[in-house]
Amino acid sequence: MKAMVLKEFCEIEIEGEPQRRADLPLKKNALEMAEIPDPEPAEREILVQVSTCGVCHTELDEIEGRLIPPRFPLVLGHEVVGKVAALGPKASKFALGDRVGIAWIFSSCGQCDFCRQGNENLCDDFQATGLDADGGYAQYTVVSEDFAYPIPESFSDAEAAPLLCAGVIGYRALRLSAIKEGGTLGLYGFGASAHIAIQVAKHWGCKVFVFTRKGQKDHQDLAKSLGADWVGATGDTPPEKLDSAIDFTPVGEPVKEALRVLKKGGRVAINAIRKIEPLPPLEYAEYVWHEKELKSVANVARRDAVEFLPLAAEIGIKPEVREFHLEDANDALRLLKQGRMQGAGVLRIFD
Ligand SMILES: [Zn+2]
Ligand SMILES: [Zn+2]
């Protein structure tokens, strides 16, 4: 089969920008088109003929060595939509031709306390799609039938792809923020996940206040068009205190700011794999006292995908997508790195 593979870490070259990592080769095209053997489904696995695969910031982290895969060459991609093309021995959940999605969570041990409680994302043996196992930048991929999800009919293959990452993670962040129907929610940062999370929160009858960087008018306008009840910049004081807040940013200040404008007993969820700076010091009386809670959100569990996909269909969430051919994956990755991707980038593999 054809696949776009990563053979070594490199820095993605952006025209007119200086090299930042002297230790890595600079490449315009980080991924190479290769002919590799078709994967074969093992016991209780399914072979998926990939139709579309979303392009995510996580791929940039993998290419540039901020996330370390166990081996090269590697097929990236963890927002995979396709059709079941073969069943491994004892696989019985899906039929040939069924449309399924695969998300970041590829597998977990299934035995530990976390797995048994449905928090497989916290399992010590958590394996990620397109990192620990080959992903969707290819014509075919395999996955355990327990980690594939039916895709509601109302979504096209391209629309479904970003829902499997930004959408599912935004949904987990909402759950972990403990926001209740009709509550008051603050969103700090308004990227791919937040713009889906706001639609769910509005569906739940929440009042939503959106905080962006100062002067980020395009994000503020998008937030308003999606139903934000108020928009402002991080540091602004919203019209009401918040029951819950979600911080989607890579910086420290929004955490402190969200705690400042939180109600007593409220919770701030941080949806970030890492912060590029330390969290600011938190003066206890102002930011923490009165049972305020802080919780991080790590990856996703199966439950998030199982619950979110039908909910997204019910609400009528339609992500804005921009399609690329598989062989043009490098163009999509460069646009993403430059911050110039309009909508969610999606690779088209099979029609
Ligand atoms: Zn992703
Ligand atoms: Zn486990």
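Placed above this text is the structure.
Residues numbered from 1 in each chain as written. Chains lettered and ligands numbered in written order. Predicted model: local features only at pLDDT ≥ 70, side-chain atom pairs only at ≥ 80, totals over all residues. Heavy atoms only, no water.

Taken together, C109 (SG), C112 (SG), C115 (SG) and C123 (SG) make up the full set of protein donors to the zinc ion (ligand 2), lying 2.3 to 2.4 Å away. Geometry at the zinc ion (ligand 2) is tetrahedral, judged from its four donor atoms and the angles of 106 to 116° they form at the metal. Taken in chain order, the donor set of the zinc ion (ligand 2) reads C-x2-C-x2-C-x7-C. Note on C115: relative accessible area 8%, which makes it buried. (Donors = N, O, S within 2.8 Å, 3.2 Å for Na, K, Ca; no water. Tetrahedral: all angles 85-135°; square planar, octahedral: opposite > 155°, others 65-115°. Buried < 20%, exposed > 50% of the residue type's maximum accessible area, 1.4 Å probe, protein only.)

This paragraph deals with the packing of helix α3 (residues 157–176) against helix α4 (residues 192–203). The relative placement of two packed helices comes down to the angle between their axes together with the axis-to-axis distance. Close contact between α3 and α4 brings their axes to 8 Å; oriented N to C, the two are set at 55°. For the element pair α3 / α4, the angle class is oblique. Handedness of the crossing formed by α3 with α4: right-handed. Along its contact with α3, which presents L163, A166, G167, I169, G170 and L174, the element α4 presents A192, S193, I196, A197, V200 and A201. Grouping the amino acids of the contact of α3 with α4 by side-chain chemistry returns nine nonpolar, three polar and no charged. (Axes fitted to C-alpha atoms, helices over the stretch in contact; angles between N-to-C directions. Helix = DSSP H or I, 4+ residues; strand = E, 2+ residues; numbered from the N terminus. Parallel < 35°, antiparallel > 145°, perpendicular 65-115°, else oblique. Left-handed = near helix turned anticlockwise from the far one by under 90°. Contact = heavy atoms within 4.5 Å. Nonpolar A, V, L, I, M, F, W, Y, C, P; charged D, E, K, R; others polar.)

Here the focus is the sheet that holds strand β4 (residues 31–35). Ordered in space as β4-β1-β6, the three strands form an open sheet in which the pairing is antiparallel. At either margin of the open sheet sits one strand with a lone partner, and together these are β4 and β6 (74–75). (Pairing = 2+ DSSP bridges.)

Only C56 (SG), H78 (NE2) and C165 (SG) from the protein coordinate the zinc ion (ligand 1), and they sit 2.0 to 2.2 Å from it. Written as a sequence motif, the donor arrangement for the zinc ion (ligand 1) is C-x21-H-x86-C. You can see C56 sitting in the loop between β5 (45–54) and α1 (57–63) and its partner H78 sitting in the loop between β6 and β7 (80–87), a full 22 residues away along the chain. For the pair formed by C56 and H78, the shared burial category is buried.

For the rest of this paragraph, the subject is the pattern of salt bridges. As enumerated under the stated definition, the model contains 29 salt bridges in all. Across the pair D229 and K202 runs a salt bridge whose closest N-O atoms are separated by 2.8 Å. Here K202 lies in helix α4 and D229 lies in the loop between α5 (217–225) and β15 (230–233), a separation of 27 residues in the sequence. K202 sits in the partly exposed class, given a relative accessible area of 28%. For E323, the salt bridge goes to R348, with nearest N and O atoms at 2.9 Å. (Salt bridge = Lys/Arg side-chain N within 4 Å of Asp/Glu carboxyl O.)

Grouped burial of nonpolar side chains is what soluble globular proteins tend to show. Ranked by internal contacts, the top residues of the largest apolar core, which has 102 residues, are Y137 and F308. Per element, the largest residue contribution to this core is 13 residues, and it comes from α3. In this structure, Y188, F209, L259 and V268 belong to the second largest nonpolar core, which totals 14 residues. (Core = buried A, V, L, I, M, F, W, Y, C linked by side-chain atoms within 4.5 Å.)

Before going further, it helps to examine the sheet that holds strand β17 (residues 262–270). Ordered by their spatial adjacency, six strands build an open sheet running β15-β14-β13-β16-β17-β18, and the pairing between neighbours is parallel. The sheet terminates laterally at β15 and β18 (293–296), the two strands that pair on one side only. The average angle at which neighbouring strand axes cross in this sheet is 20°, direction not considered. Two elements, strand β13 (residues 184–188) and strand β14 (residues 207–212), share five bridges in a ladder whose sense is parallel. Counted as the bridge partner of L187 is V210 from β14. Taken strand by strand, α3 contacts β13, β16 (242–247), β17 and β18, and its axis lies near 155° from that of β17. Relative to the sheet, helix α6 (residues 253–260) contacts β13, β16, β17 and β18, its axis offset from that of β17 by approximately 155°.

The subject of this paragraph is a nonpolar patch on the surface. A contiguous nonpolar patch, built from L279, L282 and L294 and spanning about 220 Å² of accessible area, is present on the exposed surface. Overall, L294 belongs to the partly exposed group, its relative accessible area being 42%. (Patch = residues over 30% accessible without salt bridge, like charges linked within 9 Å, V, L, I, M, F, W, Y side chains within 5 Å. Areas by Shrake-Rupley, 256 points an atom, 1.4 Å probe, with all protein chains shown as cover.)

Moving on, we come to unusual backbone geometry. Cis rather than trans, the peptide bond between F72 and P73 has omega equal to -10°. Among the structural elements, P73 can be located in the loop between α1 and β6. Here A178, not a glycine, exhibits a phi torsion of approximately 65°, which is positive. Tracing the sequence through the fold places A178 in the loop between α3 and β13.

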